Amino acid sequence: MRVVRSADLRSLRPIPVETMMHRRPLSIAAGLLVALATTAQQKAPFTYSDMLMLDRIGGLAVDPAGTTALFSARATDMEANRGVSTLWMKDLADLKKPEVKVPAGEGGAGDIQWSGDRSGFYFLSARGDAGLTQVWKADAPGKAAEQITFLPLDVQAYRVAPDGSGLVVALAVFPECDDAIACTVERMQAQEGVKSTGQVYDRIFMRHWDTWKDGTRNHLYYLSLKEPNAQPVPLMSGFDGDVPSKPFGGNEDFAIGKDGRTVYFSARVAGRTEPWSTNFDLYSVPVTGGAPKNLTASNPAWDASPVISPDGTKLAYKAMKRPGYEADRFQLKVMDLATGAVSDVATTWDRSAASLAWSRDGKSLLVTADDIGKHRLFRIDLKTSTVTPLSTDAHMDAFAETPKGFVFQKSGLSGPAQLYASAPKSKLIDQGATVLSQVNASLKDKAFGAYEQFSFPGWNNETVYGYVLKPANYVEGKKYPVAFLIHGGPQGSFGDSWSYRWNPQTYAGQGFAVVMIDFHGSTGYGQAFTDAINEHWGDLPLEDLQKGLAFALGKYPFLDGGNVAALGASYGGYMINWIAGVWNEPFKALVSHCGIFDTRAMGYSTEELWFTDWENGGSVFTKPANYEQFNPLLHAEKWRVPMLVIHGDKDFRVPLMQGIGSFTACQAKGIESKYLRFPDENHWVLKPQNSMQWHAEVFGWLEKHIGGGR
């Protein structure tokens, strides 16, 4: 279940996030951290409170000439219990100049886009008098911005036409209305005076992620910027579907043709099959409106991320083959817009494409993908399908090709994202790159844990990879308690990446060593490796985890095998509940966050039924025995290890009763246990104050049962 499409991930995966590699056992960054650990013993360890207060870099946008980069930085307002985003500008013509904050005002700023006609840049902000999120424009960095759209609804996402002639915006409207915008406003105003709270549904996909559905759909509208007082033109009238897709879609779900006359989008027709369907198709529609044309009707699986070639003649996109399987490999395709002919690209490359862009010369595609515990950038030649790595390790967060090379954002286990410029003529853009931003400069005064990637023979004697992380200010010869982190998804990865939730460095800062295993089902090791977990949630990955922990304990003498705790969220939380009954010998404490306790109940109470149906080989109504094969509930009589259970009331992916079930089992058996409830959180813990409490409870639980702490 992906939580974001990077991500992310879209269902049970930690982003990441929403999340999402080569055979070098010790990365360059890890080597630097080893040096730090030996030369700066007195530095204060990096902690979870440090993490929560970091500025989070994102939203890279480089102007067409490659002279200016804009990015966003989200600061944490702990008192207000929220994040606040601001814009920053970096002069690429003079790299010695520090980045400059762009005046923003109230309402925040994000989703930066440069105009193709070089007339300035656009962004989304809620700074206007109405408090609605609208599109704003600044003629140049540092200049006062002006509001461009004055719509009565929030702009969910937008795109600027390449020639600057117009915008395509997404609005949440009631699709059955003739004038959907006006109708939506009227209904919202009418609802304000209604005191009854009952809601009636006639479809089971009545809630999604953390929101009960209200009948609206995200629909696209075209707004001319050349005509004064131009009215938005509906591009999806009567279409029963969302663009962007909910809950995590963005403007990667649609594109505007080079001539500004046609819009291309990826969407799934909802109907009554939405809970089971992953059939997103690509559509085209003129900016003047009309019925959208389905361009990929022949593929019953997922078609996504339309991107127009520099010359405007071709459309690159990603496509899966297997309907109902959201973790299938995203294959690359290119469509000739004149003829409709589609060609496959790099069919033998056994990686699933994440972000996608054209090279400046239109001769290749630039693609990120998980790869052996890392998230790397690749160039794929369209004539030969040759795949060339452009980055080495860690996690490529964002990139832009300029006339002088690449500007990119990269993060990893060694630290959060920073902005970089590649060295001239560099084949691997992150080698010898220049750091362009000084965001979070205070981290130089913090001690981090050195990390190393390792491999071992796992299930079926196949090679499986993992990471080990030393505590901050590691002392040679000392043994440290172990936090055994298990990733979610299950088609995900705990690799060389940075997270603001499950961050291994926060454990290192509290005095714990960390072990993470990319078991069968993880991404980045070939599609067969990912597929291996289908209908095998409790055996193949369990064997990898068992062998991986044993291997790490045998290889790294600083790991204290007598003091080990296992922690996981989502599928990782399921695995905690599973091992609590079938493999609890090594552990002194467990932490299960939003974990599945009863797989059968999960099969009829979650919202994205395509996930449970695929993972179990059928629905809970037609294949009930499949759901019982690896059901933690059936082994609860063997639970004995103290467990901290965490759940959010608004988690509709793994419904609330799953967490309560785990806690009830512990309490009924007299097992030491706690239940941490967040009434205002979903599958993740997002509010800063709640995150602070989450970390305090988790680390307090570990310190009590396995030691450690600072």
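Thresholds, definitions, all that
- Residues numbered from 1 in each chain as written.
- Predicted model: local features only at pLDDT ≥ 70, side-chain atom pairs only at ≥ 80, totals over all residues.
- Heavy atoms only, no water.
- Helix = DSSP H or I, 4+ residues; strand = E, 2+ residues; numbered from the N terminus.
- Rg over C-alpha atoms; globule rule 2.2 N^0.38 Å.
- Buried < 20%, exposed > 50% of the residue type's maximum accessible area, 1.4 Å probe, protein only.
- Areas by Shrake-Rupley, 256 points an atom, 1.4 Å probe, with all protein chains shown as cover.
- Lys, Arg positive; Asp, Glu negative; His and termini not counted.
- Charge placed at Lys NZ, Arg CZ, Asp CG, Glu CD.
- Pairing = 2+ DSSP bridges.
- Contact = heavy atoms within 4.5 Å.
- Axes fitted to C-alpha atoms, helices over the stretch in contact; angles between N-to-C directions.
- Expected span 1.5 Å × (residues − 1).
- Disulfide = S-S within 2.5 Å.
- pLDDT = per-residue confidence, 0-100.
- Core = buried A, V, L, I, M, F, W, Y, C linked by side-chain atoms within 4.5 Å.
- Salt bridge = Lys/Arg side-chain N within 4 Å of Asp/Glu carboxyl O.
- Polar contact = N/O pair within 3.5 Å; in protein donor to acceptor, adjacent residues only side chain to side chain.
- Phe/Tyr/Trp six-rings, centres within 6.5 Å; stacked < 30°, edge-to-face > 60°.
- Parallel < 35°, antiparallel > 145°, perpendicular 65-115°, else oblique.
- Nonpolar A, V, L, I, M, F, W, Y, C, P; charged D, E, K, R; others polar.

Description of the overall build of the protein chain
Okay, so step 1: Tallying secondary structure elements over the protein chain gives twelve helices and 42 strands in all.
Okay, so step 2: For the protein chain, whose C-alpha radius of gyration is 25 Å, the value lies close to the compact-globule estimate of 27 Å for 710 residues.
Okay, so step 3: Along the first, second and third principal axes, the C-alpha set of the protein chain runs to 70 × 60 × 55 Å.
Okay, so step 4: For the protein chain, with 710 residues in total, the buried portion stands at 59%.
Okay, so step 5: Summing over all exposed atoms, the protein chain offers an accessible surface of approximately 27500 Å²; the carbon and sulfur share of this is 53%.
Okay, so step 6: For the protein chain, the separation between the mean place of its 70 positive charges and that of its 76 negative charges on side chains is 5 Å.

As for the sheet that holds strand 12 (residues 157–160)
Okay, so step 1: Pairing in this open sheet of four strands is antiparallel, and the strands run 12-13-16-17 from one edge to the other. Each edge of the sheet is formed by a strand with only one pairing partner; in this case those strands are strand 12 and strand 17 (233–234).
Okay, so step 2: Pairing between strand 16 (residues 217–224) and strand 17: two bridges, direction antiparallel. Paired with Tyr-222 across the strands is Val-233, a residue of strand 17.
Okay, so step 3: Lying on the sheet, helix 3 (residues 180–191) is in contact with strand 13 (166–173) and strand 16; it crosses strand 13 at an angle near 40 degrees.

Here we look at helix 7 (residues 571–582)
Okay, so step 1: Between its terminal C-alpha atoms helix 7 stretches 16 Å, which fits the 16 Å expected from twelve residues at 1.5 Å a residue.
Okay, so step 2: Of all twelve residues in helix 7, eleven are buried, a share of seventy percent or more.
Okay, so step 3: Taken as a whole, helix 7 has its buried residues at Tyr-571, Gly-572, Gly-573, Tyr-574, Met-575, Ile-576, Asn-577, Trp-578, Ile-579, Ala-580 and Gly-581.

Observations regarding the state of the cysteines
Okay, so step 1: Scanning all chains against the criterion turns up one disulfide.
Okay, so step 2: The thiol of Cys-594 is not disulfide-bonded; the next cysteine sulfur, from Cys-666, is found 15 Å away.
Okay, so step 3: A residue is classified by how much of its surface remains accessible, and Cys-594, at 0% relative accessible area, is buried.
Okay, so step 4: The class for Cys-666 is buried, based on a relative accessible area of 0%.

Notes on the environment of Gly-59
Okay, so step 1: Its location among the elements puts Gly-59 in strand 4 (residues 56–62).
Okay, so step 2: Gly-59 sits in the partly exposed class, given a relative accessible area of 40%.
Okay, so step 3: When the C-alpha atoms of Gly-59 and Gln-409 are compared, they prove to be 9.2 Å apart, with 350 residues separating the residues in sequence.
Okay, so step 4: Contacts of Gly-59, omitting those with residues within four sequence positions, involve Leu-70, Phe-71, Ser-72, Ile-112 and Gln-409.

Description of helix 6 (residues 540–555)
Okay, so step 1: Its 16 residues give helix 6 an end-to-end C-alpha distance of 22 Å, which sits within 8% of 22 Å, the value for a rise of 1.5 Å per residue.
Okay, so step 2: All of the buried residues along helix 6 are Leu-540, Pro-541, Leu-542, Asp-544, Leu-545, Gly-548, Leu-549 and Ala-552.
Okay, so step 3: Looking at the buried residues of helix 6, the elements they touch are strand 35 (451–457), strand 36 (463–469), strand 37 (480–486), strand 38 (513–518), strand 39 (559–569) and helix 7.

Examining the confidence of the model for the protein chain
Okay, so step 1: Predicted confidence across the protein chain gives a mean pLDDT of 92, with 93% of residues reaching 70 or more.
Okay, so step 2: Scored below 50 in pLDDT, residues 1–40 makes 169 contacts in the model with residues more than four places away or belonging to other chains.

Focus: unusual backbone geometry
Okay, so step 1: Between Val-243 and the following residue, Pro-244, the backbone shows a cis peptide bond with an omega angle of 0 degrees.
Okay, so step 2: Note that Pro-244 resides in the loop between strand 17 and strand 18 (254–256).
Okay, so step 3: Between Lys-246 and Pro-247 the backbone carries a cis peptide bond, its omega angle lying at 5 degrees.
Okay, so step 4: Note on placement: Pro-247 falls in the loop between strand 17 and strand 18.
Okay, so step 5: Located in the positive-phi region is Ser-385, a residue other than glycine, with phi close to 65 degrees.
Okay, so step 6: Along the chain, Ser-385 turns up in the loop between strand 28 (374–381) and strand 29 (387–389).

Some points on the nonpolar core
Okay, so step 1: Counting 54 residues, the largest nonpolar core has Phe-484, Ile-579 and Phe-587 as its most contacted members.
Okay, so step 2: Beyond its immediate chain neighbours, meaning those up to four positions away, Phe-484 contacts Val-515, Ile-517, Leu-545, Leu-549, Val-564, Ala-565, Ala-566, Leu-567, Trp-583 and Phe-587.
Okay, so step 3: Grouped together as the second largest cluster of nonpolar side chains are 30 residues, Leu-413, Trp-694, Phe-699 and Trp-701 included.

Considering the sheet that holds strand 11 (residues 146–147)
Okay, so step 1: Across the sheet, four strands lie side by side as 8-9-10-11; this open sheet has antiparallel pairing. Pairing within the sheet leaves two strands with one partner each, and these edge strands are strand 8 (110–114) and strand 11.
Okay, so step 2: With two bridges connecting them, strand 10 (residues 134–138) and strand 11 associate as antiparallel partners. In the strand pairing of strand 11, Trp-136 is matched with Gln-147.

Details of the side chain of Asp-281
Okay, so step 1: Relative to the helices and strands, Asp-281 is located in strand 20 (residues 280–286).
Okay, so step 2: Lacking a salt bridge, the buried Asp-281 has Arg-268 as its closest oppositely charged neighbour, with an N-O distance of 10 Å.
Okay, so step 3: Within the structure, Asp-281 has its side chain in polar contact with the side chain of Asn-294 (distance 3.3 Å).
Okay, so step 4: For Asp-281, the residues in contact, after removing those within four places along its chain, are Phe-265, Ser-266, Ala-267, Asn-294, Thr-296, Ala-297, Asn-299 and Asp-303.

Side note on the pairing of strand 30 (residues 395–402)
Okay, so step 1: In terms of residue burial, strand 30 counts as a mostly covered element, since six of its eight residues are buried.
Okay, so step 2: Pairing between strand 30 and strand 31 (residues 405–412): seven bridges, direction antiparallel. Its bridge partner lying in strand 31, Phe-399 is registered against Phe-408.

Considerations on the pattern of salt bridges
Any two side chains of opposite charge can pair, on the condition that their charged atoms come close.
Okay, so step 1: For the coordinates displayed, the defined rule picks out 27 salt bridges.
Okay, so step 2: Here Glu-628 ties to Arg-600 by a salt bridge, and the two come within 3.0 Å at their closest N and O atoms. Placement of Glu-628 in helix 10 (residues 624–629) and of Arg-600 in helix 8 (residues 599–605) is noted, with a sequence separation of 28 residues between them.
Okay, so step 3: Accessibility expressed as a relative area gives 32% for Arg-600, which makes it partly exposed.
Okay, so step 4: One salt bridge in this structure joins Lys-687 and Asp-680, with 3.9 Å as the shortest N-O distance.
Okay, so step 5: On the accessibility criterion, Asp-680 (30% relative accessible area) is partly exposed.

Regarding the packing of aromatic side chains
Okay, so step 1: One pass over the full model with this rule turns up 46 aromatic pairs.
Okay, so step 2: Measuring from ring centre to ring centre gives 5.2 Å for Phe-239 and Tyr-283, while their planes differ by 85 degrees; the resulting arrangement is edge-to-face. With Phe-239 in the loop between strand 17 and strand 18 and Tyr-283 in strand 20, this residue pair connects regions lying 44 residues apart in the sequence. In this pair, the class of Phe-239 matches that of Tyr-283, namely buried.

Quick look at the side chain of Asn-440
Okay, so step 1: By the secondary structure assignment, Asn-440 is in the loop between strand 33 (434–435) and strand 34 (446–447).
Okay, so step 2: Looking at Asn-440, its side chain comes within polar contact range of the main-chain oxygen of Asp-55, at 2.8 Å.
Okay, so step 3: Apart from the residues lying within four places of it in its own chain, the contact partners of Asn-440 are Leu-54, Asp-55 and Pro-416.

As for the packing of helix 6 against helix 7
Okay, so step 1: Two elements in contact, helix 6 and helix 7, have axes whose closest approach is 11 Å; the angle formed by their N-to-C orientations is 75 degrees. Between helix 6 and helix 7, the angle is such that the two are roughly perpendicular. Packed against helix 6, whose contacting residues are Pro-541, Leu-542 and Leu-545, the element helix 7 presents Tyr-571, Met-575, Trp-578, Ile-579 and Val-582 at the interface.
Okay, so step 2: Residue composition of the contact of helix 6 with helix 7, grouped by class: eight nonpolar, no polar and no charged.

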